[in-house]
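Structure at a glance
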Amino acid sequence: MFEVFMVMYLLVALSLIGLILIQHGKGADMGAAFGAGASSTVFGSAGKGNFLTKTTTVLAVVFFVLSIVLGRYTAGQSSQVDAWQDLSVPMTESVPATPSENEIPFGN
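Residues numbered from 1 in each chain as written. Predicted model: local features only at pLDDT ≥ 70, side-chain atom pairs only at ≥ 80, totals over all residues. Heavy atoms only, no water.

1. Digging into a nonpolar patch on the surface
- Side chains of M1, V4, M8 and Y73 sit close together on the surface and give an oily, nonpolar patch of about 400 Å² of accessible area.
- Residue position: M8 is located in helix α1 (residues 2–22). (Patch = residues over 30% accessible without salt bridge, like charges linked within 9 Å, V, L, I, M, F, W, Y side chains within 5 Å. Areas by Shrake-Rupley, 256 points an atom, 1.4 Å probe, with all protein chains shown as cover. Salt bridge = Lys/Arg side-chain N within 4 Å of Asp/Glu carboxyl O. Helix = DSSP H or I, 4+ residues; strand = E, 2+ residues; numbered from the N terminus.)

Take a look at the structure:
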C-alpha cells in the first residue's frame, strides 16, 4: 500500500510542477492588452486561467492529503538502529591513518 501511495504522490507532484510551469504570470497579461492574448489559446480567451487554476488547486489539495497520509503511515513504523546512534561502542576494525608505501598508487 505504501508503494501505491508513493507512486501517486510522485505523479501528483510532477503534474503539479508541470501545471505551475504552464501558467502565465501576472506580467504576461500585458501582451493580451495589445491583441496577442486570446487568438492562439487552446482553452479560449477566459477558459485557460480558470481550468489551470482549478486543476492546480485540486492537485495541490491531493498533494497535501497524500503528504499527511504518508506521514501518518510512516510514523507508526519503527526504524532500524543506526550505527552512529550509540557512539560509546568502540570500533572493532582499526583503520590505518596513513597508507603504507606499498599502497601508494603513484609512488616509485
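Don't stop here, the text continues.
2. Focus: the nonpolar core
- Counting residues in hydrophobic clusters, the biggest one holds 10 residues: F5, V12, A13, L16, L19, L52, L59, F63, L66 and L70.
- Counting residues per element, the ones that place at least two in this core are α1 and α3 (47–75). (Core = buried A, V, L, I, M, F, W, Y, C linked by side-chain atoms within 4.5 Å. Buried < 20%, exposed > 50% of the residue type's maximum accessible area, 1.4 Å probe, protein only.)

3. Focus on the environment of T56
- For T56, the position within the fold is in helix α3.
- Under the relative-accessibility criterion, T56 is labelled buried at 14%.
- Each C-alpha atom, one on T56 and one on L16, is 6.3 Å from the other, the two residues being 40 residues apart in sequence.

4. Examining the environment of V65
- By the element assignment, V65 lies in helix α3.
- Counting along the chain gives 56 residues from V65 to Y9, while the straight-line C-alpha distance between them is 9.6 Å.

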